[in-house]
Amino acid sequence: MGYEILDKKELAMNEVLYKVHAPHVARKVQPGQFVIIRAFPTGERIPLTPIKWDREEGWIELVTFVRGKTTMRMANELRPGDELLNVAGPLGNPAPMKKFGRILAIGLITGMVEVFPIARAWQEFGNDVTTLHVTPEPMTILKEDFERSVSRHIVESYQLQPGWGMNEIAQELVRRAVAKVRELLEGEHWDLVFIVGPAGGEKAVFEVVKEYGIPMEADLHPIMVDGTGMCGSCRILYDGEVKFACIDGPGFDAYKVDWDQLIHRVGFYADMERRALEEYLKSLRGSE
């Protein structure tokens, strides 16, 4: 039995939403948890975060950032009415629901997907939540959803310049994030900072937050395969001990994370991921 794609739409550049019939997930998922899907018989397993769900109707909404072979293949080949082969979950630990006070919740590029269900739930719990989305302007997503769900939503966007590659995009992302976070921390009182995004950007923001001594939580996304702690791929060093993002996280105290080790592990398979994407693109050109 597969999991039917009820709807599919492009939210922004390289960002695609899938509404999927997955009753077992919809019944139990909590903000901060994730699922692992497999879309094709010979495909890899990838972790995705449900951003919305309906427990009675049995559907969840997932968003992919089209950046590698699997997400590009999904964007090119899957249509409403098609089925995902597997949807495993919910996995991971829910975000803690308690009264923190004033929260600054930051999403870097598609990290905003993971921020949304958590920030909305924190606001409903009685917190005063400000969300900050730092992103290239063509990749701005969920703006109206955030504006309806939290006290304040800020978009810090920038235009992509001709000739920019991923390095230039990432450098501008970090520069914008660091500057805006420093401005907000300097001018207002915060009880908690929360962030989701690329590890390098998370670390750069943490270095700023650390100067002010504000508690900070970060969702971590190292390489993940099975999502149940069996494969060990998502291990991190946390407070000097080995932890697994899938079963111990995905949320962690940013002050206890070995950021350099995490960044190194995240980039470990970059060359293989690039080659897989190149082979897929070559196969598309050959079929034309």
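Further up the page is the structure itself.
Reading the values: rules and limits
Residues numbered from 1 in each chain as written. Predicted model: local features only at pLDDT ≥ 70, side-chain atom pairs only at ≥ 80, totals over all residues. Heavy atoms only, no water. Helix = DSSP H or I, 4+ residues; strand = E, 2+ residues; numbered from the N terminus. Rg over C-alpha atoms; globule rule 2.2 N^0.38 Å. Buried < 20%, exposed > 50% of the residue type's maximum accessible area, 1.4 Å probe, protein only. Contact = heavy atoms within 4.5 Å. Salt bridge = Lys/Arg side-chain N within 4 Å of Asp/Glu carboxyl O. Pairing = 2+ DSSP bridges. Axes fitted to C-alpha atoms, helices over the stretch in contact; angles between N-to-C directions. Parallel < 35°, antiparallel > 145°, perpendicular 65-115°, else oblique. Left-handed = near helix turned anticlockwise from the far one by under 90°.

## Quick look at the overall build of the protein chain
Phase 1: The number of helices and strands found in the protein chain is nine helices and 16 strands.
Phase 2: Relative to a compact globule of 288 residues, whose C-alpha radius of gyration would be 19 Å, the protein chain shows 18 Å and is just as compact.
Phase 3: In terms of principal-axis extent, the alpha carbons of the protein chain reach across some 55 × 45 × 40 Å.
Phase 4: In the protein chain, buried positions account for 47% of the 288 residues.
Phase 5: Looking at the protein chain alone, contacts between residues at least 24 apart form 67% of all its contacts between residues at least 6 apart.

## A short note on the pattern of salt bridges
Phase 1: In total, this model carries 15 salt bridges according to the counting rule given.
Phase 2: Each member of the salt-bridge network shares a partner with another, and the members are R102, D128, R152 and E188.

## Describing the sheet that holds strand β8 (residues 86-91)
Phase 1: Strand order in the open sheet formed by three strands is β4-β3-β8, and the pairing between neighbours is antiparallel. The open sheet terminates on both sides in strands that have one partner only, identified here as β4 (45-48) and β8. Each adjacent strand pair in this sheet contributes to an overall mean axis angle of 20°, direction not counted.
Phase 2: Bridge count for strand β3 (residues 34-38) against β4 is four bridges, and the pairing is antiparallel. Its bridge partner being in β4, I37 is matched across the sheet by I46.

## Observations concerning the side chain of D219
Phase 1: Checked against the element boundaries, D219 lands in strand β13 (residues 216-219).
Phase 2: Aside from chain neighbours lying at most four places away, what touches D219 is E114, I118, F194, I195, V196, E202, P250 and G251.

## Some details on the side chain of T135
Phase 1: Of note, T135 is situated in strand β10 (residues 128-136).
Phase 2: Ignoring any residue separated from it by four or fewer positions in sequence, one finds T135 in contact with I109, T140, E156, S157, Y158 and L173.

## Focus: the sheet that holds strand β7 (residues 83-84)
Phase 1: Spatially, five strands are ordered β5-β6-β2-β1-β7 in an open sheet, and the strand pairing comes out antiparallel. The open sheet terminates on both sides in strands that have one partner only, identified here as β5 (52-54) and β7.
Phase 2: As paired elements, strand β1 (residues 3-12) and strand β2 (residues 15-21) share six bridges and run antiparallel to each other. Across the sheet, residue K9 finds its bridge partner in β2, namely L17.

## Let's talk about the packing of helix α6 (residues 199-212) against helix α8 (residues 259-266)
Phase 1: Direction vectors running N to C along α6 and α8 enclose 165°, while the axes themselves pass 9 Å from each other. Between α6 and α8, the angle falls in the class roughly antiparallel. Note that α6 runs across α8; the crossing there is left-handed. On α8, the residues that touch A199, G200, E202, K203 and F206 of α6 are W259, D260, L262, I263 and V266.

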